[in-house]
Amino acid sequence: MKWVRDHLAELLATTWDHLGLALIPVLVGLLMSLPLGWLAHRSRVARAILVPVSSLLYTIPSLALFVLMPLLLGTKILDPVNVQAALTIYTVALLVRSVADALDAVPSEVIAAATAIGFGPARRFFAVEFPLSVPVLVAGIRVAAVSNISLVSVGAIIGVGGLGFYITHGSQLSPANYDEIIAGIVLIVVLALLVDGVLVLAGRFLTPWTRARSRRAA
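Conventions used here
Each chain carries its own residue numbering, running from 1 in the direction its sequence is written. Selection of residues for local features in this predicted model requires a pLDDT of at least 70, selection of side-chain atom pairs for listing and counting requires 80 or more, and totals for whole chains, interfaces and linings are taken over all residues. Note: side-chain values were computed over all heavy atoms of the structure, leaving out hydrogens and water. Residues grouped as a nonpolar core are buried Ala, Val, Leu, Ile, Met, Phe, Trp, Tyr and Cys residues, joined through side-chain atoms within 4.5 Å. Only protein chains enter the accessibility calculation, which uses a 1.4 Å probe; a residue whose area is less than 20% of its type maximum is buried, one above 50% is exposed, and one in between is partly exposed. Under the scheme used here, helices are H or I runs from DSSP no shorter than 4 residues and strands are E runs no shorter than 2 residues, and both carry numbers assigned from the N terminus. Throughout, a contact is declared for two residues whenever any of their heavy atoms are within 4.5 Å. For helices, the fitted axis covers only the stretch in contact; all axes are lines through C-alpha atoms, and the angles between them, taken along N-to-C directions, range from 0 to 180 degrees. Our angle categories are set so that under 35 degrees counts as roughly parallel, over 145 as roughly antiparallel, 65 to 115 as roughly perpendicular, and the remainder as oblique. Take the far helix as your reference; a near helix turned counterclockwise from it by less than a right angle gives a left-handed crossing, and one turned clockwise gives a right-handed crossing. Ten residues, namely Ala, Val, Leu, Ile, Met, Phe, Trp, Tyr, Cys and Pro, are considered nonpolar, four, namely Asp, Glu, Lys and Arg, are considered charged, and the remaining ones, Gly among them, are considered polar. Multiplying one less than the number of residues by 1.5 Å gives the expected span of a helix. Fitting one axis to the seven residues ending at a residue and another to the seven starting there, the bend at that residue is the angle between the two axes. Any pair of nitrogen or oxygen atoms within 3.5 Å is treated as a polar contact; in protein, a donor-acceptor pairing is required on top of that, and neighbouring residues in sequence qualify only through side-chain atoms on both sides. By convention in these notes, a salt bridge is any Lys or Arg side-chain nitrogen within 4 Å of a carboxyl oxygen on Asp or Glu. Pairing of aromatic rings covers Phe, Tyr and the six-membered ring of Trp, with a centre-to-centre limit of 6.5 Å; geometry is then stacked below 30 degrees between planes, edge-to-face above 60, and tilted otherwise. The rule is short: NZ of Lys or CZ of Arg within 6 Å of the ring centre and within 35 degrees of the ring normal puts a charge over the ring.

Student: Tell me about the nonpolar core, residues and numbers included.
Tutor: One finds Trp3, Phe66, Leu87, Leu137, Ile141 and Ile149 to be the most contacted residues of the largest nonpolar core, which totals 37 residues. Looking at this core, the elements that each hand over two or more residues are α1 (2–6), α2 (8–42), α4 (62–73), α5 (80–104), α7 (121–152) and α9 (178–206). It is α5 that contributes the most residues to this core, nine residues altogether. If near-sequence neighbours (up to four positions away) are discounted, Ile141 is found in contact with Val26, Leu30, Leu95 and Leu199.

Student: Residues and numbers for the packing of helix α6 (residues 108–116) against α7, please.
Tutor: Between α6 and α7, the least distance of the axes is 11 Å, while the angle of their chain directions is 165 degrees. For the element pair α6 / α7, the angle class is roughly antiparallel. Our pair here, α6 against α7, has a crossing hand that is right-handed. Taking contact as the criterion, the partners of Val110, Ile111, Ala114 and Thr115 in α6 are, on α7, Arg124, Val128, Glu129 and Leu132. Looking at the contact of α6 with α7 residue by residue, the class counts come to five nonpolar, one polar and two charged.

Student: Could you give an account of α5, naming the residues involved and the relevant values?
Tutor: For α5, built from 25 residues, the straight-helix expectation of 36 Å at 1.5 Å per residue is met to within 8% by its first-to-last C-alpha distance of 36 Å. Considering bend angle alone, the principal kink of α5 is centred on Leu95 and spans about 30 degrees. For α5, the N-terminal cap is Asp79; the gap from its side-chain oxygen to the backbone nitrogen of Val81 is 3.0 Å.

Student: Can you tell me about the environment of Ala85, naming the residues and giving the values?
Tutor: By the element assignment, Ala85 lies in helix α5. Among the residues examined, Ala85 registers a relative accessible area of 19% and is labelled buried. On a C-alpha basis, the gap between Ala85 and Leu132 in space is 30 Å, while along the polypeptide they are 47 residues apart. Excluding anything up to four places from it in sequence, Ala85 contacts Met69 and Leu73.

Student: Summarise the packing of α2 against α7; cite the residues concerned and give the values.
Tutor: Between α2 and α7, the shortest axis-to-axis distance is 9 Å and the interhelical angle comes to 140 degrees. As far as their axial angle goes, α7 and α2 are oblique. Crossing handedness for the pair α2 and α7: right-handed. Contact with α2, carried on its side by His18, Leu21, Ala22, Leu23, Pro25, Val26, Leu30, Leu34, Trp38, His41 and Arg42, involves Arg124, Phe125, Glu129, Phe130, Leu137, Ile141, Ala144, Ala145, Asn148, Ile149 and Val152 of α7 and no other residues of that element.

Student: Tell me about the pattern of salt bridges, residues and numbers included.
Tutor: Counted under the stated rule, the structure contains five salt bridges. Salt-bridge contacts for Arg47 lead to Asp101; the nearest nitrogen and oxygen are separated by 2.7 Å. One end of the pair, Arg47, is in helix α3 (residues 44–58); the other, Asp101, is in helix α5, and 54 residues separate them in sequence. For Arg47, a relative accessible area of 24% puts it in the partly exposed group. Note on Asp101: relative accessible area 31%, which makes it partly exposed. Among the charged side chains, a salt-bridge network with shared partners connects Arg47, Asp101 and Asp104.

Student: Run through the packing of aromatic side chains, naming residues and quoting values.
Tutor: Within the structure shown, the criterion is met by five aromatic pairs. Centre to centre, the rings of Phe165 and Tyr166 are 5.4 Å apart; their planes meet at 75 degrees, and the pair counts as edge-to-face. Overall, Phe165 belongs to the partly exposed group, its relative accessible area being 37%. Residue class for Tyr166 comes out buried when judged on its relative accessible area of 1%. Among the aromatic side chains, those forming a connected cluster through ring pairs are Trp3, Phe165 and Tyr166. Above the face of the Phe119 ring, Arg123 is positioned so that its terminal group lies 3.9 Å from the ring centre.

The structure is reproduced here in structure tokens:
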């Protein structure tokens, strides 16, 4: 498409911006979710509060949350921080349950064995529980990352950058620029697939014992 060739550098720069808007909240949200998910894993009372509340947060419409952020943060309406803060909330909403479920999936006999050989709570968590929870946790991170890549596009409605700009801008022209619209949509989908693939590979790299188990089963 001629339009894509003429705007290739701009598309690549916007793709990079889109990636930053989507993935920084995943990292921040993961760091926030780890202690909350651990607490939900350890305490039934905490789980009964944290999991439903986090699930409720995810039901807030993204556009409404983007518009609400400047009022809560005192930022300007076009500040990218508004989108990143909202997506961090969504990431936490998704990952609190994922962290709790991932820790729940660690076999109790493994935890008991680690305790029996003298591992304290902190060492047991970082050396045993957390590594063994990675496969389930990565699945939750994949959902959060792909969801964020999609939701960043909504930010274009309020004027924040990202590939969603090409969808809204192309549709507002008369006649509509379908090359621009299709380019924006395709890049969002490709970006989501690439990030998901990278996370799958990262999960396999961090859990070599699962590959060994699969080879033995084969």
